[in-house]
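Remarks on the overall topology
Listed below, chain by chain, are the residues.
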Amino acid sequence: MSKRALITGITGQDGSYLTELLLSKGYEVYGIIRRASSFNTERIDHLYSDPHTKPKLKLVYGDLSDSSSLAEIIHSTEPAEIYNLGAQSHVRVSFDVPEYTGEVTGMGTQRLLEAIRRTGCKARFYQASSSEMFGKVAEIPQKETTPFHPRSPYACAKVYSYWLTVNYRESYNIFGCNGILFNHESPRRGETFVTRKITRAAARIKLGLQNKIYLGNTDAKRDWGFAGDFVEAMWLMLQQEKPDDYVVATGETHSVKEFLEETFSLLDLDWKKYVEFDPKYLRPAEVELLLGDYSKAKKILNWKPKVTFKQLVKMMVDADMILARKEQAIMGIK
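Since we're looking at a predicted model, the values are computed, not measured.

1. Quick notes on the packing of helix H1 (residues 13-24) against helix H8 (residues 227-237)
Two quantities define a packed helix pair, namely the angle between the helix axes and the distance between the axes. One can describe the packing of H1 onto H8 by two numbers: an axis separation of 9 Å at closest approach and a directional angle of 65°. For the pair H1 and H8, the sense of crossing is right-handed. Residues Gln13, Asp14, Tyr17, Leu18, Leu21 and Leu22 of H1 form the contact with H8, whose participating residues are Ala227, Gly228, Val231, Glu232, Met234 and Trp235. Of the residues assigned to the contact of H1 with H8, the class counts are 8 nonpolar, 2 polar and 2 charged.

2. Regarding the pairing of strand S6 (residues 176-181)
In the case of a regular strand, side chains alternate between the two sheet surfaces. Along S6, 6 of the 6 residues are buried, which leaves the element largely enclosed by surrounding structure. Alternating positions in S6 separate into two faces, Gly176, Asn178 and Ile180 on one and Cys177, Gly179 and Leu181 on the other, with burial throughout. Here 6 bridges tie strand S5 (residues 124-130) to S6, and the two strands are oriented parallel to one another. Along S6, the bridge assignment pairs Ala128 with Gly179. Traced from S5 through helix H6 (residues 153-172) to S6, the parallel crossover comes out right-handed. In the sheet, S6 pairs with strand S11 (residues 246-248) via 3 bridges, with the strands oriented parallel. The residue of S11 that forms the bridge with Ile180 is Val247.

3. So, helix H7 (residues 194-206)
End to end, H7 covers 18 Å across 13 residues, agreeing with the expected 18 Å (1.5 Å per residue, within 8%). Counting buried residues along H7, 11 of its 13 residues qualify, which places the element largely inside the surrounding structure. By the burial criterion, the buried members of H7 are Thr195, Arg196, Lys197, Ile198, Thr199, Arg200, Ala201, Ala202, Ala203, Arg204 and Ile205. Lining the buried residues of H7 we find strand S7 (184-185), strand S8 (213-215), helix H9 (256-266) and helix H11 (309-331). Just downstream of H7 lies Gly208, where phi reads positive at about 75°.

4. Comments concerning the environment of Tyr160
With respect to the secondary-structure elements, Tyr160 resides in helix H6. You can call Tyr160 partly exposed: its relative accessible area is 34%. Here the alpha-carbon distance between Tyr160 and Gly106, two residues 54 residues apart in the chain, equals 6.0 Å.

5. With respect to the nonpolar core
Of all hydrophobic cores here, the largest spans 64 residues; its most connected members are Leu18, Leu22, Tyr83, Tyr126, Phe264 and Trp303. If you tally residues by element for this core, the top one is H8, at 8 residues. Core analysis: the second largest hydrophobic core is formed by 19 residues, Tyr30, Leu113, Ala115 and Tyr168 among them.

6. Quick word on the pattern of salt bridges
Overall, the coordinates contain 26 salt bridges when judged by the stated rule. The partner of Lys58 in a salt bridge is Glu28, and the shortest N-O contact between them spans 3.3 Å. You can see Lys58 sitting in strand S3 (residues 57-61) and its partner Glu28 sitting in strand S2 (residues 28-33), a full 30 residues away along the chain. A relative accessible area of 29% places Lys58 in the partly exposed class. The shortest N-O distance in the salt bridge between Glu139 and Lys143 comes to 3.3 Å.

7. Some points on H9
One turn of an α-helix holds 3.6 residues; hence residues three or four places apart share an orientation. Every buried residue belonging to H9 is among Val256, Phe259, Leu260, Glu262, Thr263 and Phe264, and all of these are buried. The secondary structure elements touched by the buried residues of H9 are H7, S8, strand S12 (254-255), strand S13 (275-277) and H11. The first or second residue beyond H9 is Asp268, which carries a positive phi of 55°.

Calculation notes
Residues numbered from 1 in each chain as written. Predicted model: local features only at pLDDT ≥ 70, side-chain atom pairs only at ≥ 80, totals over all residues. Heavy atoms only, no water. Axes fitted to C-alpha atoms, helices over the stretch in contact; angles between N-to-C directions. Helix = DSSP H or I, 4+ residues; strand = E, 2+ residues; numbered from the N terminus. Left-handed = near helix turned anticlockwise from the far one by under 90°. Contact = heavy atoms within 4.5 Å. Nonpolar A, V, L, I, M, F, W, Y, C, P; charged D, E, K, R; others polar. Buried < 20%, exposed > 50% of the residue type's maximum accessible area, 1.4 Å probe, protein only. Pairing = 2+ DSSP bridges. Right-handed = clockwise from strand over helix to strand, strands pointing away. Expected span 1.5 Å × (residues − 1). Core = buried A, V, L, I, M, F, W, Y, C linked by side-chain atoms within 4.5 Å. Salt bridge = Lys/Arg side-chain N within 4 Å of Asp/Glu carboxyl O.

Pasting the structure below:
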């Protein structure tokens, strides 16, 4: 019988890559989606069109704000593994909708863990924690023992979820793991996130579809990896004998300016001619530098990143050039 996994946030970037990984390993995958007036399944539609994977992928309606739906889904699907990837995950937006961010990103984890406890489900649980929890960093690089100093409502909600996972592990013997993932990108990244915003705009600028791109703090430094690499670490955490918490990163940091330089240089453009500053993209409290030490994951999980920074940027630029050319064709622009 196939091992069964349940994923919240299955339609997001990480959810789609994790679904691909699990299906390739023979899992039966259930994904929780919110009922809405339109479908938002573009990132996993290719799995439905594949006759080999479609029978093992099932979507069920539920919501992290609705504890009864979570309990019913867990009871009916009886998963062996649960991956909580669902969240309001945009840091800047969390300042605008702090209550909603706390409700979904924080309390959503509470509801899910409590549903696991109340149903008696023996599933192994993965919580998507974030490098944003380190915020105003106490040390460089950041590792599992680095103190948290969150600098946004999103990060605060993630800290709450982190400690809830630890608490349920210690209190109820739930196999719960926190993956403290540093920034991870891909061609499937949402277009409001800075990396994808840059590659999407650069491709459109190259083809004459756009003139400028507006950004906030371009001096901020991040540890950027490939989402497809990082979901493997999620899976590996739940295959261990004992539950634990792990930093997942690349061990390199690059500024937004470096990301701009790499992106625009691939298209033979000078980024300084096209980038404008807009204060509306600044955060009330900024996180200046994130750099992860993934040595624990390397030692225990035997995991390490495969895609380099330059390879990641090229992957995203190439994908967005394809999209821009399609857009150009539709608009009839030569």
